[in-house]
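Below, each chain spelled out in residue letters.
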Amino acid sequence: MATRVQWLGHSCLLIETDGKRVLIDPFLTGNPMAGARPEEIEADVILVSHGHEDHLGDTLAIAQRTGASVVANYELSQWFQEQGLTKLHGINLGGGVQVVPEFHVQMTLAFHSSSLPGGGYGGNPGGFLITCADGSRIYDAADTALFSDMKLIGEGGLDLAILPIGDYFTMGPNDAILAIKLIGPRHVMPIHYDTFPPIKQDVQVWAERVKEETAALPLVPKPGEWSVVR
Ligand code: NI
Ligand code: MN
C-alpha cells in the first residue's frame with residue numbers, strides 16, 4: 001500500500017490510499033491553476049477547510065455526483081445539508097472522525113476567517129490532520145497564519161505537511177519556513193500561491209530555502225502531478 005497526493009492547483013488536493021480518495025478544498029471551476037475539471041474527479045471523501053469560495057469551490061457538484069462524504073466544520077455542514085447533501089460530518093476544532101476505514105480526519109486550528117456563500121457565518125476555519133490506513137500522516141494547514149502550536153501537530157511524526165506560501169491572505173514564504181521548523185515533516189508541499197496576482201511567489205526559490213534551512217524535502221508538483229509520500 002502506498003499513499004500519494006495529487007496537487008490540483010491552489011489548495012485543491014487529492015490523497016489516495018489503497019484505491020480510496022480524499023479530495024480537499026475542490027476549487028476547480030474558475031481556478032486558473034486547476035489541474036483537472038470537476039467532472040473528472042472521483043472521490044470517496046471531501047474535506048472543506050472553510051467557507052471561502054476558493055476552498056468550497058465545486059464541493060456540492062462533486063459530492064452530488066460521486067456520493068462522497070463531506071467533512072467540514074459544523075456550521076458549514078449545516079449549510080451543505082440545506083443544499084441537499086446528506087453524507088456529512090460536521091466536526092469542530094480538535095475533533096476527528098474515521099470517515100472510511102482508510103482515512104481518519106482531525107480538524108486542526110487555523111487562524112483565518114470563514115463565511116458562507118452569501119456572507120453568513122461560516123464557523124471556524126480549520127486545517128486537517130489525515131491519518132491513512134498505511135500509517136501515513138498528512139497535515140494540511142489550509143488557510144492560516146503561522147502559530148506556534150503547529151509544533152504539537154507535528155508530534156508523532158508527519159510524512160507530509162501542506163502549507164500555504166502565498167502571503168496576503170495566509171502566511172507567506174518566510175513564515176512557512178518557520179512552520180516547517182516547528183512541525184518537522186519529512187516532506188513539505190506548498191499551496192495557495194500564484195493563483196491570483198496578490199499571491200504570486202517564486203516557488204523554486206522557496207523550495208531551495210526549504211532544502212538549505214530545514215530538514216524537510218520540498219515537493220513542488222505541477223497542477224495535476226502526483227507525488228508519493230509513503
Ligand atoms: Ni480563505
Ligand atoms: Mn483561500
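Residues numbered from 1 in each chain as written. Chains lettered and ligands numbered in written order. Predicted model: local features only at pLDDT ≥ 70, side-chain atom pairs only at ≥ 80, totals over all residues. Heavy atoms only, no water.

Considerations on the coordination of the nickel ion (ligand 1)
Each donor-metal-donor angle would ideally measure 109.5 degrees in four-coordinate tetrahedral geometry, or 90 or 180 degrees in six-coordinate octahedral geometry. Around the nickel ion (ligand 1), the protein contributes the donor atoms His 50 (NE2), His 52 (ND1), His 112 (NE2) and Asp 143 (OD), which lie 2.2 to 2.4 Å from the metal centre. Each donor residue of the nickel ion (ligand 1) belongs to the same chain, and together they define the spacing H-x1-H-x59-H-x30-D. Between the nickel ion (ligand 1) and the manganese ion (ligand 2), a separation of 3.2 Å is found, and both are coordinated by Asp 143. One end of the pair, His 50, is in the loop between strand E4 (45–47) and helix H1 (53–56); the other, His 112, is in the loop between strand E8 (103–109) and strand E9 (126–132), with 62 residues separating them in the sequence. Overall, His 112 belongs to the partly exposed group, its relative accessible area being 26%. (Donors = N, O, S within 2.8 Å, 3.2 Å for Na, K, Ca; no water. Helix = DSSP H or I, 4+ residues; strand = E, 2+ residues; numbered from the N terminus. Buried < 20%, exposed > 50% of the residue type's maximum accessible area, 1.4 Å probe, protein only.)

Some points on the sheet that holds E9
Read across the sheet, seven strands follow the order E7-E8-E9-E10-E11-E12-E13 without closing on themselves; strand pairing throughout is mixed. Every interior strand has two partners, whereas the edge strands, strand E7 (96–100) and strand E13 (217–218), have only one. Looking at chain direction, strand E12 (residues 187–191) and E13 are connected through two bridges and run parallel. Paired with Val 188 across the bridge in E13 is Pro 218. (Pairing = 2+ DSSP bridges.)

Read these as geometric descriptors, not functional statements.
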